[in-house]
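Single-letter residue listing:
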There are 2 protein chains.
Amino acid sequence: MQGTNHDDLRRHNLSIILRLVHRSGAASRAQLTRLTGLNRSTIGALVAELSERGLVEERTPDPTKLAGRPSPIVAASDRVVAIAVNPEIDAITVGVVALSGVVHRRIRFATPTSPTAAEAVHIAAGIVAELSSELTEYSIIGIGVAVPGLVQASDGLVRNAPHLGWVDEPLSDLLAAATGLPVVAANDASLGVTAERYFGAGAGMTDLIYLNGGSSGIGGGLVVGGVAAGGRAGYAGEFGHTRVSGSSHTDSAGIAGTLEAEVSRDALLAVLGLPSSETDADALQSALLTSDHPAVRAEVNRQLDFLAVALAGAVNVLNPQLIVLGGFLAALHAVDPDRLDRAVAALTLDAAFADVSIRPAILGSNLLMIGAAELVFEALLLDPQSDRGNTAAILPLTL
Amino acid sequence: MQGTNHDDLRRHNLSIILRLVHRSGAASRAQLTRLTGLNRSTIGALVAELSERGLVEERTPDPTKLAGRPSPIVAASDRVVAIAVNPEIDAITVGVVALSGVVHRRIRFATPTSPTAAEAVHIAAGIVAELSSELTEYSIIGIGVAVPGLVQASDGLVRNAPHLGWVDEPLSDLLAAATGLPVVAANDASLGVTAERYFGAGAGMTDLIYLNGGSSGIGGGLVVGGVAAGGRAGYAGEFGHTRVSGSSHTDSAGIAGTLEAEVSRDALLAVLGLPSSETDADALQSALLTSDHPAVRAEVNRQLDFLAVALAGAVNVLNPQLIVLGGFLAALHAVDPDRLDRAVAALTLDAAFADVSIRPAILGSNLLMIGAAELVFEALLLDPQSDRGNTAAILPLTL
């Protein structure tokens with residue numbers, strides 16, 4: 001436990017202001033005064049420092065729309081950006097996300113085969129170099145990587161990404177060496193919950209769960225008591241391995257009767273007769289919603305009932321306000337939200353069920369970009385006076 | 001998000017010092033300087049204020065044991081106390097716990113039948129009045145209640161305590177009216193995890209789970225990322241209702257195939273041929289450890305394997321460092337810890353299993369007293385300048 005001195009105090013207050021405008025959008029100085037309880041002159045000095053560092057911009061609101069003297073609007077910068085990287089079995093996606101929340105770019109680089117870690121680093125570094133030479137008026141403060149697997153929180157080591165076939169790959173170190181930028185990595189689904197929490201369906205909530213269903217299985221993340229819960233080493237949120245049946249079907253980790261073994265995108269595609277490679281989440285959802293074949297509905301019901309067992313366990317243990325479903329789980333939910341609600345209600349305590357709602361994710365294709373960028377912004381938000389906060393001094397990267 | 005001004009700063013630093021000596025035991029001023037990063041004169045002023053308020057005591061260490069000038073030892077007060085109350089189906093237990101951690105008293109008042117909420121309040125208030133007239137040199141700052149049921153965090157309403165048969169009982173308000181003291185209430189198992197976290201098997205840990213097995217079922221609590229996780233309304237930790245089998249046995253909430261339905265103290269007592277009312281946790285554990293009857297061992301193995309399913313789910317979702325088992329679950333664990341470890345390992349990801357250890361609770365019969373008192377101390381630790389922190393001005397209670 002650390003005490004606080006006067007330097008800490010200023011850093012703390014800078015952090016609070018920057019976090020407010022980053023997470024809640026632009027705010028007037030008057031709103032910042034009210035929200036923080038700090039006085040007007042303190043707010044003025046803090047905003048001035050953030051502005052000098054290039055982290056916020058002050059804009060004068062349209063005077064024709066306001067009575068009285070308008071208070072300037074303080075907004076997080078569009079020019080301070082993080083690069084988001086998401087390696088998958090068939091593509092590397094790279095995005096440019098501003099501190100203001102704007103996603104400036106998203107580039108999907110298809111790979112003919114599942115990339116090795118070295119290939120993913122090579123491709124990502126090439127795209128970063130190209131982006132850096134284009135974005136000369138932007139300050140790139142770091143790279144965030146969303147990994148479909150277990151990532152050790154302390155150093156970004158990818159312990160195990162089963163679908164990519166990566167084991168103990170020092171991805172962060174390799175990408176940092178290749179780009180010269182600081183790199184932070186985390187599990188993709190845990191970044192999904194961060195993104196939905198701050199900018200999506202869970203905005204303002206303190207207790208939520210996110211489950212994502214993809215071609216490579218089911219992962220998730222959780223926010224508990226306002227804290228993004230990574231667990232001891234960053235592996236929390238592996239809802240896919242929750243036991244939901246006594247069956248002998250095994251999942252990617254070889255565990256029998258789990259959510260991932262019973263509930264899968266492949267089984268839905270098979271019963272619909274659709275090809276895996278050409279069916280994205282939206283196409284799957286419309287096919288499920290328009291099909292009137294009894295076998296399709298039976299498979300949907302079977303999967304919804306198993307999903308309910310895993311969700312009910314999470315409701316009993318975590319008493320969340322919200323469960324957000326992404327990927328093919330959102331498509332399943334869309335077919336029959338009432339069935340899922342009823343099945344969860346039957347397996348939970350009434351008081352805990354009364355607190356929770358189950359909803360689809362809303363950030364769509366930008367979800368992981370926003371989540372991975374947030375990983376980079378977090379260090380800056382904690383300490384706007386850090387090196388990363390001296391964006392005025394960071395030259396645009398040229399490789 | 002609130003900013004910090006200079007008054008907040010002093011309150012924050014007082015809070016840090018008081019928390020350190022409360023949670024980690026007595027410390028010298030030199031240690032406090034090192035642990036907090038604050039300078040010696042600031043520490044001196046903060047300790048002086050806490051001492052004036054009666055919250056800490058300064059003692060001179062034994063000079064014969066030290067070289068050089070001894071630094072005075074700062075210790076949390078033995079005289080500032082909270083009263084802990086734990087209503088159960090056959091007794092009301094009341095304890096007096098000091099800010100220093102000492103449990104001064106523990107009184108178990110047996111009731112012939114399961115008490116109503118009004119009876120529990122009447123009995124507890126009577127004991128509090130008696131204690132107050134004895135403890136004339138102590139400052140009683142409040143009452144913490146450990147309830148075997150769901151307690152609404154916002155106002156201490158007991159939503160549902162199934163074994164006591166209480167539904168929507170305003171227990172905190174009734175007890176506050178009867179005693180004139182501030183009252184805070186929470187679920188017993190969530191207080192158990194708080195106690196083990198600060199003063200027991202989980203000392204210093206940020207990610208732990210506690211499961212307690214009692215005559216009235218299985219409850220639990222969790223600490224996630226350093227935060228005691230109550231969930232949206234304080235109902236988190238209901239591990240007893242986790243689905244672990246496809247059987248039709250139902251638990252106290254009417255849910256089939258749950259941990260509580262499959263794993264129970266009554267089933268162990270039945271196979272041992274022991275009476276429920278006269279067998280405490282220690283007696284159950286020795287009976288299990290000394291029995292060589294195959295039917296006993298078969299029942300223990302059956303229960304350990306179902307316990308493993310629930311623990312594995314928690315390990316996959318929460319990636320904890322530690323699982324603490326209390327009550328009859330500790331007795332089950334003592335019979336064959338290796339079997340439980342192996343069964344959990346088979347159902348979890350290797351990396352997450354590698355992080356966790358499974359251990360018995362160590363605080364024993366003082367567990368809930370310490371946990372319930374901590375509920376009262378928490379407000380004082382957050383703000384030592386609050387009314388509750390003016391202990392010098394609180395007269396001993398006389399009713």
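How each quantity is defined
Residues numbered from 1 in each chain as written. Chains lettered and ligands numbered in written order. Predicted model: local features only at pLDDT ≥ 70, side-chain atom pairs only at ≥ 80, totals over all residues. Helix = DSSP H or I, 4+ residues; strand = E, 2+ residues; numbered from the N terminus. Buried ≥ 20, exposed ≤ 12 C-beta atoms within 10 Å, placed from the backbone. Contact = placed C-beta atoms within 7 Å. Domains from an automatic or database assignment. Pairing = 2+ DSSP bridges.

Can you walk me through the overall build of chain A in this structure?
Looking only at helices and strands, chain A has 14 helices and 16 strands in total. For chain A, the spread of C-alpha atoms along the principal axes amounts to about 65 × 50 × 50 Å. Counting every position in chain A, which comprises 399 residues, the buried fraction comes to 50%. Long-range contacts, defined here as pairs at least 24 residues apart, represent 64% of the contacts in chain A between residues at least 6 apart.

Honestly, the domain arrangement of chain A in this entry has me stumped. Any pointers?
When the parts of a complex come together, some accessible area is lost, and that lost area is often taken as the interface size. Residue and element names in this part refer to chain A. Here chain A is partitioned into domain 1 (6-76), domain 2 (80-191 + 366-393) and domain 3 (201-362). The straight-line distance from the C-alpha centre of domain 2 to that of domain 3 is 27 Å. Of the residues lining the interface, 14 residues belong to domain 2; the matching set on domain 3 comes to 15 residues. Among the secondary structure elements, those contributing two or more residues to the side of domain 2 that touches domain 3 are strand S8 (150-151), strand S11 (183-187) and helix H6 (188-199). A per-element tally of the side of domain 2 that touches domain 3 places H6 first, with three residues.

What should I look at first to understand the environment of Glu57 of chain A in this one?
All names here are of chain A. For Glu57, the position within the fold is in strand S2 (residues 56-59). Since 19 C-beta atoms lie within 10 Å of it, Glu57 is described here as partly exposed. In this view, Glu57 contacts Ala75 and Ser77; residues no more than four positions away in its chain are not counted.

How do you make sense of the pairing of strand S12 (residues 208-214) of chain A when you look at a structure like this?
A regular strand places its side chains on the two faces of the sheet in alternate fashion. Residue and element names in this part refer to chain A. Burial of S12 is extensive: six of the seven residues sit out of reach of the surface. Relative to strand S13 (residues 217-224), S12 is paired through seven bridges, and the arrangement is antiparallel. By the bridge assignment for S13, Gly214 is matched with Gly217. Hairpin connection, S12 to S13: the antiparallel pair is bridged by two residues. As defined by bridge partners, S12 adjoins strand S15 (residues 322-327) across six bridges and the pair is classed as parallel. Note on S15: the bridge partner recorded for Gly213 is Gly327.

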